[in-house]
Amino acid sequence: NVLPHPVPFEDSSGRITGVVNMLIDITDRKKVEKILSESEIKYRQIVETAQEGIWLIDEDNKTTFVNNKLCEILGYTREEMMGQDIYFFMDEDAKQMAVPLMKKKKKGYIGQTQFKYISKSGKEVWTNISTNPLFDENGVYNGNLAMVTDITERRNTGIKLKKLNKELAYSNHVKDSGGK
């Protein structure tokens, strides 16, 4: 691949007296562009087929990227989530928990926790969230990357199971004590 690059030729008074046509070989640049394009396609495929929600926020806690899975988990479109503060997706109790966690993340805290969000429909969505703070080459906090797994059904099943076990234990206790 060759890119023509005309360069004007001037005399000592600055008058253009001709044009020198330089040819620039851009083969290597085209190869690099192709490799980058193929890499981006693979990256997007990985991100969009992940079974976890992927959430990227900036240093001001504003959403800069979400994958389709996170949109599915919270019930919002990508457009509705982009630019939104992460606290927008929380009730007051969750916000109270999140504020100190976000301060820790700005200092480099990497962690995993169970966390409650509120979906677009108003439903509680319990998640397992793994986070990793992002820093630039000078160590300045740039934001956070989170992998989000919806555990609402598993959590609700666990709560129901505990309740049934308590009821069973009580029933057995009453039966063993002769109904008294």
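No experiment lies behind these values; they were computed from the predicted model shown.

Q: Quick question: what am I supposed to make of the environment of Ile16 here?
A: Mapped onto the elements of the fold, Ile16 is located in strand β2 (residues 16–25). When its relative accessible area of 54% is taken as the criterion, Ile16 is described as exposed. Sequence spacing of Ile16 and Glu40 is 24 residues, and the spatial spacing of their C-alpha atoms is 45 Å.

Q: What is the right way to read the pairing of strand β5 (residues 111–118) from this model?
A: Looking at chain direction, β5 and strand β6 (residues 124–135) are connected through eight bridges and run antiparallel. By the bridge assignment for β6, Thr113 is matched with Ile129. Connecting β5 to the next strand, β6, in antiparallel fashion are five residues, including Gly122 with a positive phi near 95°.

Q: Mind showing me how you'd approach the pattern of salt bridges here?
A: When their charged atoms lie close together, side chains carrying opposite charge are able to pair. Considering all chains together, one arrives at seven salt bridges under this definition. One salt bridge connects Glu72 with Lys69, and the closest N-O pair in it is separated by 3.2 Å. Of the two residues, Glu72 and Lys69 both sit in helix α2 (residues 68–74), three residues apart, roughly one turn of that helix. Between Lys120 and Glu80 there is a salt bridge, and its shortest N-O distance comes to 2.6 Å.

Q: Can you help me understand empty space enclosed by the protein in this one?
A: In this approach a probe as big as a water molecule rolls over the atoms, and the regions it shows empty are the leftover space. One pass over the full model with this rule turns up one cavity of 30 Å³ or more. Size it by volume and the largest cavity reaches roughly 200 Å³. Along the walls of the largest cavity sit 16 residues, with Met102, Lys105, Tyr117, Ile129 and Thr131 positioned nearest its centre. Of all the secondary structure elements, the ones that give two or more residues to the lining of the largest cavity are β3 (53–58), α4 (92–106), β5, β6 and β7 (141–150). Here the lining of the largest cavity takes four residues from α4, the largest share from any one element. When the residues that make up the lining of the largest cavity are grouped by side-chain class, the tally is twelve nonpolar, three polar and one charged.

Q: Would you mind showing me how to read the sheet that holds β7 here?
A: Strand-to-strand pairing in sheets goes through backbone hydrogen bonds, with the strands running parallel or antiparallel. Overall, antiparallel pairing links the five strands, which are arranged β4-β3-β7-β6-β5 in an open sheet. Each end of this open sheet is capped by a strand with a single partner; those strands are β4 (63–66) and β5. On average, each strand axis in the sheet is inclined to that of its neighbour by 30°, with strand direction left out of account.

Q: For this particular structure, what's the right way to read the packing of aromatic side chains?
A: The description of an aromatic ring pair uses the distance of the two centres, along with the angle that the planes make with each other. Here the structure, examined in full by the defined rule, presents seven aromatic pairs. When the centroid spacing of 5.1 Å and the interplanar angle of 85° are considered together, the rings of Tyr76 and Phe89 count as edge-to-face. Placement of the pair is Tyr76 in the loop between α2 and α3 (78–81) and Phe89 in the loop between α3 and α4, with a sequence separation of 13 residues. An identical accessibility class is assigned to Tyr76 and Phe89; each is buried. Summarising the aromatic geometry, the rings of Phe115 and Tyr117 are spaced 5.1 Å apart at their centres and angled 55° between planes, so their arrangement reads as tilted.

Cut-offs used in this document
Residues numbered from 1 in each chain as written. Predicted model: local features only at pLDDT ≥ 70, side-chain atom pairs only at ≥ 80, totals over all residues. Heavy atoms only, no water. Helix = DSSP H or I, 4+ residues; strand = E, 2+ residues; numbered from the N terminus. Buried < 20%, exposed > 50% of the residue type's maximum accessible area, 1.4 Å probe, protein only. Pairing = 2+ DSSP bridges. Salt bridge = Lys/Arg side-chain N within 4 Å of Asp/Glu carboxyl O. 1 Å grid on protein atoms, 1.4 Å probe; cavity = no way out; pocket = protein on both sides within 12 Å on 5 of 7 lines; lining within 4 Å. Points joined across faces, edges and corners; volume = space filled by probe spheres on them. Nonpolar A, V, L, I, M, F, W, Y, C, P; charged D, E, K, R; others polar. Axes fitted to C-alpha atoms, helices over the stretch in contact; angles between N-to-C directions. Phe/Tyr/Trp six-rings, centres within 6.5 Å; stacked < 30°, edge-to-face > 60°.

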